[in-house]
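A closer look at the structure
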Amino acid sequence: MIRMSEAKVVAGRQRAGALRTVYVLAANTFLESVRKKVLLALLVFAAIALGAGFIYSSRSQSAETRALIDSSISSIRFIGMLMAVFLGAISIPTETERRTILTILSKPVSRGQFLSGKYVGILFTVWVNMALMLVIFLALVAYKKPIYVLNATIWKALILVAFELAVVAAIA
């Protein structure tokens, strides 16, 4: 006869195994996503867009720092959305074409774990790329006016962009 504490231990091990499965699928999805050449092209395009925002902001005399911040956050948001939609749209069909989804689902992996792993991997990829764009953005803002790097409104906007990209990745 199994005692209640033993049942809790078994249930805890099963949950830990499920989270490990999601983690492994997420890491695999992240590595697959990073290898895509289109993602690199989008990052280069983002760097160009951020640089163009820097040049554009220096032409406007009145609110040059505000123009730089607005155009840069908009560029990060737009490129991030493109990445999330692109990665979300090709992730599962690529698995189906390569027939790796059949191998994965034949193991003791539920569909929910598979989809959760894919989502977490895509989300991590988008957030890493957003962090790279953020480094460029902060360097440009620090060059223009270093005090604006510590502005709480900018950080709030960037956190909201990160959550927005999480929702877009979930829908895609």
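Across its full length, the protein holds six helices and zero strands. Burial statistics for the protein: of 172 residues in total, 37% are counted as buried. Contacts spanning at least 24 positions in sequence make up 80% of the contacts within the protein whose residues lie at least 6 apart. With an accessible surface of roughly 10600 Å², the protein has 69% of that area assigned to carbon and sulfur atoms.

The next point concerns the nonpolar core. Core analysis: the biggest nonpolar cluster contains 31 residues, and Ile-76, Met-83, Met-133, Phe-137 and Leu-158 have the highest contact counts within it. Looking at this core, the elements that each hand over two or more residues are helix H2 (37-59), helix H3 (64-98), helix H5 (111-144) and helix H6 (152-171). Of the residues forming this core, the biggest block, nine residues, is contributed by H5. Not counting chain neighbours up to four residues away, the residues in contact with Met-83 comprise Leu-39, Leu-42, Leu-43, Val-126, Asn-129 and Met-133.

Another point: a nonpolar patch on the surface. Together, Leu-40, Val-44 and Ile-48 make up a nonpolar patch on the protein surface, roughly 300 Å² of accessible area in all. Within the secondary structure, Leu-40 sits in helix H2. Judged by relative accessible area, Leu-40 falls into the exposed class, the value being 56%.

Spanning 35 residues, H3 covers 50 Å between terminal C-alpha atoms, matching the ideal 51 Å at 1.5 Å per step. Within H3, the axis deviates most sharply at Ser-91, by approximately 30°, and proline Pro-93 lies no more than four positions further along.

Criteria and thresholds
- Once a new chain begins, its residue numbering starts again from 1 and follows that chain's sequence as written.
- Side-chain atom pairs in this predicted model are given and counted only at pLDDT of 80 or more, local residue features only at pLDDT of at least 70, and totals for whole chains, interfaces and linings cover all residues.
- Excluded from the side-chain calculations are hydrogens and water; all other atoms, namely the structure's heavy atoms, are used.
- Secondary structure elements follow DSSP: runs of H or I of four or more residues count as helices, runs of E of two or more count as strands, with numbering from the N terminus.
- Relative accessibility thresholds used throughout: buried, under 20% of the residue-type maximum; exposed, over 50%; partly exposed, between the two (1.4 Å probe, protein chains only).
- Every residue pair with non-hydrogen atoms within 4.5 Å of one another is taken to be in contact.
- The protein chains shown are the only cover counted for residues, whose accessible areas, like all others here, come from Shrake-Rupley with a 1.4 Å probe.
- As used here, the term nonpolar core means buried Ala, Val, Leu, Ile, Met, Phe, Trp, Tyr and Cys residues forming a set that is joined through side-chain atoms within 4.5 Å.
- For patch building, the residue pool is restricted to those with more than 30% relative accessible area and no salt bridge; the joining distance is 9 Å between like charges and 5 Å between nonpolar side chains (Val, Leu, Ile, Met, Phe, Trp, Tyr).
- The term salt bridge refers to a pairing of a side-chain nitrogen on Lys or Arg with a carboxyl oxygen on Asp or Glu at a separation within 4 Å.
- By this rule, a helix spans an expected 1.5 Å times one less than how many residues it contains.
- For a residue, the bend is simply the angle between two axes, fitted respectively to the seven-residue segment ending there and the seven-residue segment starting there.

Worth remembering: the numbers are spatial, not functional.
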